[in-house]
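Fold and geometry: a report
Here is how the chains run, residue by residue.
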Amino acid sequence: MLFRSSSGSTTGTYFPIGELLAQLLSHPPGVGRCVAANVCGPAGLIVSTRASEGSVANVLAVNMGSVSSGLAQADAVAMAVAGQGPFRKTGRARQLRVIANLYGEDLHLLAAKKANIKTVADLRGKRVSLSTEGSGTIITARAVLSAYRMTEKSIVPNYDPAEKASDLMQDGKLDALFFVGGTPVNLIQQLLDEDVATLVPIDGAGRTRLLAREPYLSAHAIPQGTYGASQAVETVSVDALWITDAGQSDDLVYGMLKALYNPANRGIIEAQRSGGHFFELNAGAKDATAPLHPGALRYFTESGVLRSEEHTSELQSLAYLVCRLLLEKK
């Protein structure tokens, strides 16, 4: 049984997460670690991961059924459910379901040292990478610009992938870039290590406005020492959700989660830890901005994360749509 998952750029943080899921959950014949019950996914399951542009592309692929699952930011999933933002043309993603909240990601705003950018407001007139149209980063970056009372016309926007944007910054052809990812991010680490760039805080009144408008973002600080000797940097975080479509088997999703949260797999997971609450059971049903898949609802209820009367798909979907539509009217 092939279960295809869509992740992100091979130089980003989603792709290694997709590979980790494939490593943990695949259950082909003859694999020794799968002899123990519920250490791997259901027998015969082969999980594969593929590169993509990121959250928006993954949501569209899952909703259309071209892949079995994908990774996406919680804010992008909420927009898809409401048919807003980059999903206006395609409409509401009615088939979208959440398997689990996997971990927390931080928004990084990186500025070239020579660009004299100390605050978000200093981005005016600068060459700034917002990432590609298929990414989740571009959704969050646009929300930041708006909250700080700027538009894409206020900057010289760049829409290259993160790896290309990094090269441009190293060559002196880009002043700043946005990147959402679980810390530490190798691409960010490299630019900081080479003394090419510095992290810019996202704070103050602009962040207050941002959080008021975007309920799936939260205030956070990238801890001191995350990137070598760097100090703590104020920013915002968003959760990375593992999504699928409504047609996937309940037993399959249930079986994958039973393996994912098996204590026997914790050592493998911790060795690749990225961001906050990384694959932690108590956060597994947090911020599910689309209805939980029935197999996931069953697992999180049985595990005690959810009460049996909580989170029916219909109530979840209605709550998210109402919330988003009210925000759009503000």
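Structure shown above.
In this text, all values refer to a predicted model and were calculated from it rather than measured experimentally. (Residues numbered from 1 in each chain as written. Predicted model: local features only at pLDDT ≥ 70, side-chain atom pairs only at ≥ 80, totals over all residues. Heavy atoms only, no water.)

1. Overview of the side chain of Thr137
With respect to the helices, strands and loops of the structure, Thr137 is situated in helix H4 (residues 137–147). Once residues within four sequence positions are removed from consideration, Thr137 is found in contact with Gln73, Leu130, Ser131, Phe178, Phe179 and Val180. (Helix = DSSP H or I, 4+ residues; strand = E, 2+ residues; numbered from the N terminus. Contact = heavy atoms within 4.5 Å.)

2. Overview of helix H10 (residues 294–302)
Regarding H10, the residues found buried are Gly295, Ala296, Leu297, Tyr299 and Phe300. Those residues of H10 that are buried are in contact with strand E4 (96–112) and helix H8 (250–260). Looking one or two places after H10, you find Gly304, whose phi comes out positive at around 90°. (Buried < 20%, exposed > 50% of the residue type's maximum accessible area, 1.4 Å probe, protein only.)

3. Observations regarding the pattern of salt bridges
If you walk through the whole model with that rule in mind, you get twelve salt bridges. With a closest N to O distance of 2.4 Å, Lys286 and Asp239 form a salt bridge. Of this pair, Lys286 sits in the loop between helix H9 (266–270) and H10 while Asp239 sits in strand E10 (residues 233–245); the two residues are 47 residues apart in sequence, bridging distant segments of the chain. Here the residues in one salt-bridge network are Arg266, Glu270, Arg273 and Glu280, joined through shared partners. (Salt bridge = Lys/Arg side-chain N within 4 Å of Asp/Glu carboxyl O.)

4. A closer look at helix H1 (residues 14–25)
For H1, which comprises twelve residues, the first-to-last C-alpha distance of 16 Å matches the rise-based estimate of 16 Å (1.5 Å per residue) to within 8%. Across the twelve residues that make up H1, a large majority, nine, are buried. (Expected span 1.5 Å × (residues − 1).)

5. As for the environment of Tyr159
Following the sequence through the fold, Tyr159 ends up in the loop between strand E6 (156–158) and helix H5 (162–170). Residue Tyr159 is classed as partly exposed on the basis of its relative accessible area, which comes to 35%. Along the primary structure Tyr159 and Ser131 are separated by 28 residues, whereas in three dimensions their C-alpha atoms are 4.8 Å apart. For Tyr159, the residues in contact, after removing those within four places along its chain, are Leu130, Ser131, Thr132, Glu133, Ile138, Arg142 and Glu152. A distance of 2.5 Å separates a polar atom in the side chain of Tyr159 from a polar atom in the side chain of Glu152. (Polar contact = N/O pair within 3.5 Å; in protein donor to acceptor, adjacent residues only side chain to side chain.)

6. A closer look at the state of the cysteines
One pass over the full model with this rule turns up one disulfide. Each sulfur of the disulfide joining Cys34 and Cys40 lies 2.0 Å from the other. Here the S-S torsion is close to -85°, and the disulfide linking Cys34 with Cys40 is therefore left-handed. On the basis of relative accessible area, Cys40 is assigned to the buried category, the value being 4%. (Disulfide = S-S within 2.5 Å.)

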